[in-house]
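An overview of the molecular structure
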Protein chains: 2
Amino acid sequence: MRTLVPSPVRVIGTGLIGGSLGMALTRAGAAVQVEDVSPGTTALAVELGVGALPAAEDPDPALVLVAAPPDVAAGLVDRALRAWPEALVADVASVKATVLDGLRALARPEDLPRYIGAHPMAGREVSGVIAARADLFRGRPFVVVPHESTGAEAVTVLKGLATEIGSVPIVLDAASHDTAVAQVSHVPQVMASLLGATLLEPTESALGLAGQGLRDTTRIADSDPRLWVEILGANAGAVRTVLGEVRERLDQVMGALETLSGSPDPAIGSRRALADLVADGNRGVRRIPGKHGGSTEVFATLVVLVPDRPGELARLLGEIGEIGVNLEDLRLEHEIGRAVGLAHIAVDAAREDLLTRELADRGWTVAEA
Amino acid sequence: MRTLVPSPVRVIGTGLIGGSLGMALTRAGAAVQVEDVSPGTTALAVELGVGALPAAEDPDPALVLVAAPPDVAAGLVDRALRAWPEALVADVASVKATVLDGLRALARPEDLPRYIGAHPMAGREVSGVIAARADLFRGRPFVVVPHESTGAEAVTVLKGLATEIGSVPIVLDAASHDTAVAQVSHVPQVMASLLGATLLEPTESALGLAGQGLRDTTRIADSDPRLWVEILGANAGAVRTVLGEVRERLDQVMGALETLSGSPDPAIGSRRALADLVADGNRGVRRIPGKHGGSTEVFATLVVLVPDRPGELARLLGEIGEIGVNLEDLRLEHEIGRAVGLAHIAVDAAREDLLTRELADRGWTVAEA
């Protein structure tokens, strides 16, 4: 099988990310060697199809992928650069500047052009090789992170690798990468955790009033504390910068609420601070790219009532298929004590009227979202 | 038709909430009279089936529902108490203590036992009678809010009304209600808006790294600034109290990040603060009741790969129906550039193994979430 990935590839560290990379690269036709500090994990990785144990007669690896936490990645990268003087070496830790800084302190300067950072983005809350999947990175961004002396060939190799495993390569320097993940991943995690932590206070009857909004805003709060201590610690500066903006705005909002709670006729500025908060939130959230990289506004969302019995949702989706409309997105919403679910169905806005009419004709209760 | 709702019911204010209440009560067999400050809105409400215009020969209303913003609700309630001395009068504004306080300042003491607060929870980001739906409150909490001198019969009537429109009555006093909605609705809105507002900063390539987590945590940030200024302003004290806890925790987290970004070997306490944040978030989010009022942990979630073509999701759900397993929840996840969707399927944990095996036998790619 022809592949853009040089062989053999040595994967060092076969957890969720290393394991999934090995599986994906094996599937893409590369010869993958696996190595882990735990012999048991290494054996399990081989059994699961991540790759093979390195054999004495194997050629040296052409590419080494270090899949280890940020605090040990630099040491493993340095070891690999020294062990295999022809190999390209990449780490795939989720934070990049601390690894690069650590490596600069350890590595021989002549080895640095053979190092490149990478961050295949997965966003799973599970861990371990047992959760590894060859398709983990499919359709996801794969950030390629060269530094000043990285050779041009290294960028080409990593972009090729990203393409082979079905992900979308994006090239950023380490600082830009770390800022970006602070903004779109680490700060959202902190905000969800902060909000989740407030839910230790409410009474049970108060929590009985919770709707979908609370569930959505706190879903990612149910994630692994150990993992997040590592990530937040390794990207502390960038995360703190964004949280500083949050805190400044929070202070304004709290000041406005203080004024509003103390006076029946407060200054206009207080209401303005609240309106600006919500309006800026509107503008910010609308900047998130939609499914195909464009705005989400080309889709229309219908809400269809679905009785809570086996087969009803299948019947609905079967009929949507008969009508000939493709679903862009689907979310099923259930609430306490309700005998029906609400299927939120996103479709091409141009097909909305057709679908609404056809479903109503077939007896479904349809509403615009 | 027998109904638990006394007739006629006068609905004052026919926006989304008043309109939907009128439709639901009409459907439940009550005689509904509609009234709005805007004659055009009143006419539209009649045309949409919210109720009828009051006629000269109509008996006085037995129940009045004031569906107006918090700042005008008290005045309208007082007017109704004076106009119809036998009627029970309720307001349905989303914040209760400010309405009650306003009314105490306006109303004759002997009228107060005929007043009761209510909050049918809807959680739509749309507004206006055109968006009204008879099923808006179905399966949703309906908070009944008596005050000290509210008559017992008033509570019974409102609970009956809630039941008739398919919602779930919950009795709370005004302060408990306002604290509860601050915790489960208003503060989540502020946090989503704060997070959304940070998205004005990132570059487009940074936003290209966004995953489902960012989308979920910011979804409700895309809501109406005018509406939220009213709500937050009317519940300023309770919202500020919870935000005060958030700020205290945020300061701890920022302090920990400051220490971690400045030193390669920081005090153990810094990592501990981050771990506590995430762990407390875990515990808080697990307190949110699941679909049937229990813990969400009785459900297992599978992830199934679904090719992005019409009919595939229907085929999957059809086969799940054949296997005889009921879906508790379903979410379809799409990402940029990916040719498959991921169907996140929640089922009774006791059926998980069966479903995984049967789906795999039928050729589906299944993973645990």
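Residues numbered from 1 in each chain as written. Chains lettered and ligands numbered in written order. Predicted model: local features only at pLDDT ≥ 70, side-chain atom pairs only at ≥ 80, totals over all residues.

This brings us to the sheet that holds strand 4 (residues 88-91) of chain A. All names here are of chain A. The strand order across the open sheet built from seven strands is 2-1-3-4-5-6-7, with neighbouring strands paired in mixed fashion. The open sheet has two edge strands with one neighbour each: strand 2 (32-35) and strand 7 (168-171). Sheet twist, expressed as the average angle between the axes of neighbouring strands with direction ignored, equals 25 degrees. Sheet analysis places strand 4 next to strand 5 (residues 115-120), joined by three bridges and oriented parallel. Across the sheet, the residue bridging to Asp91 is Gly117, located in strand 5. (Pairing = 2+ DSSP bridges. Helix = DSSP H or I, 4+ residues; strand = E, 2+ residues; numbered from the N terminus. Axes fitted to C-alpha atoms, helices over the stretch in contact; angles between N-to-C directions.)

Our next topic: the domain arrangement of chain A. Frequently, the measure chosen for interface size is the accessible area that the parts lose on association. Residue and element names in this part refer to chain A. By the assigned domains, chain A splits into domain 1 (9-172), domain 2 (179-285) and domain 3 (296-368). Measuring from the centre of the C-alpha atoms in domain 1 to the corresponding centre in domain 2 gives 35 Å. Contact residues are listed per partner, giving nine residues for domain 1 and nine residues for domain 2. Of the residues in the side of domain 1 that touches domain 2, the class split is four nonpolar, three polar and two charged. (Domains from an automatic or database assignment. Contact = placed C-beta atoms within 7 Å. Nonpolar A, V, L, I, M, F, W, Y, C, P; charged D, E, K, R; others polar.)

Right, let's get into unusual backbone geometry. Cis geometry marks the peptide bond from A:Ser7 to A:Pro8, where omega comes out at -10 degrees. Within the element layout of this structure, A:Pro8 appears in the segment before strand 1 (9-12).

The relative placement of two packed helices is expressed as an angle between their axes plus a distance between the axes. All names here are of chain A. Relative orientation of the contacting elements helix 3 (residues 70-83) and helix 4 (residues 97-106) amounts to 40 degrees, with a least axis distance of 8 Å. By the angle between their directions, the pair helix 3 and helix 4 is classed as oblique. The two elements helix 3 and helix 4 cross, and the hand of that crossing is right-handed. Only Thr98, Val99, Gly102, Leu103 and Leu106 of helix 4 make contact with helix 3, whose side of the interface consists of Pro70, Ala73, Ala74, Gly75, Val77 and Asp78. Residue composition of the contact of helix 3 with helix 4, grouped by class: seven nonpolar, three polar and one charged. (Parallel < 35°, antiparallel > 145°, perpendicular 65-115°, else oblique. Left-handed = near helix turned anticlockwise from the far one by under 90°.)

Time to look at the interface of chain B and chain A. Contact with chain B, which involves 114 residues of that partner, is made by 114 residues of chain A. Taken together, the residues that form the side of chain B that touches chain A break down as 60 nonpolar, 30 polar and 24 charged.

Residues and elements named next belong to chain B. Of the two faces of strand 7 (residues 168-171), the one holding Val168 and Ile170 is buried and the one holding Pro169 and Val171 is not buried anywhere. Pairing of strand 6 (residues 141-145) with strand 7 involves four bridges; the strand directions are parallel. The residue bridging Val144 from the neighbouring strand is Val171, located in strand 7. Note that the unit made of strand 6, helix 5 (residues 152-164) and strand 7 has a crossover that is right-handed. (Buried ≥ 20, exposed ≤ 12 C-beta atoms within 10 Å, placed from the backbone. Right-handed = clockwise from strand over helix to strand, strands pointing away.)

This part covers the nonpolar core. Ranked by size, the top nonpolar core spans 202 residues in total, and within it A:Leu65, A:Val66, B:Leu65 and B:Val66 carry the most contacts. Counting residues in hydrophobic clusters, the runner-up holds 38 residues, among them A:Val304, A:Ile345, B:Leu302 and B:Leu313. (Core = buried A, V, L, I, M, F, W, Y, C linked by C-beta atoms within 7 Å.)

Residues and elements named next belong to chain A. By secondary structure assignment, the location of Gly19 is in helix 1 (residues 16-27). Distance in space between the C-alpha atoms of Gly19 and Leu200 is 36 Å, their sequence separation being 181 residues. Leaving out residues up to four positions away in the same chain, Gly19 has contacts with Thr14, Ala45, Leu48, Val50, Val129 and Ala132.

Residues and elements named next belong to chain B. The sheet built from seven strands is open, its strands ordered 2-1-3-4-5-6-7 with mixed pairing. On the outer flanks of this sheet lie strand 2 (32-35) and strand 7, each paired with one strand and no other. Averaged over all neighbouring strand pairs, the angle between strand axes comes to 25 degrees, with direction disregarded. Relative to the sheet, helix 5 contacts strand 3 (63-66), strand 4 (88-91), strand 5 (115-120), strand 6 and strand 7, its axis offset from that of strand 6 by approximately 170 degrees.

Residue and element names in this part refer to chain A. Between its terminal C-alpha atoms helix 6 (residues 174-198) stretches 34 Å, which fits the 36 Å expected from 25 residues at 1.5 Å a residue. The largest bend along helix 6 reaches roughly 50 degrees and is located at Ala182. Most of helix 6 is tucked away: 23 of the 25 residues are buried. (Expected span 1.5 Å × (residues − 1). Bend = angle between axes of the 7 residues up to and from the residue.)

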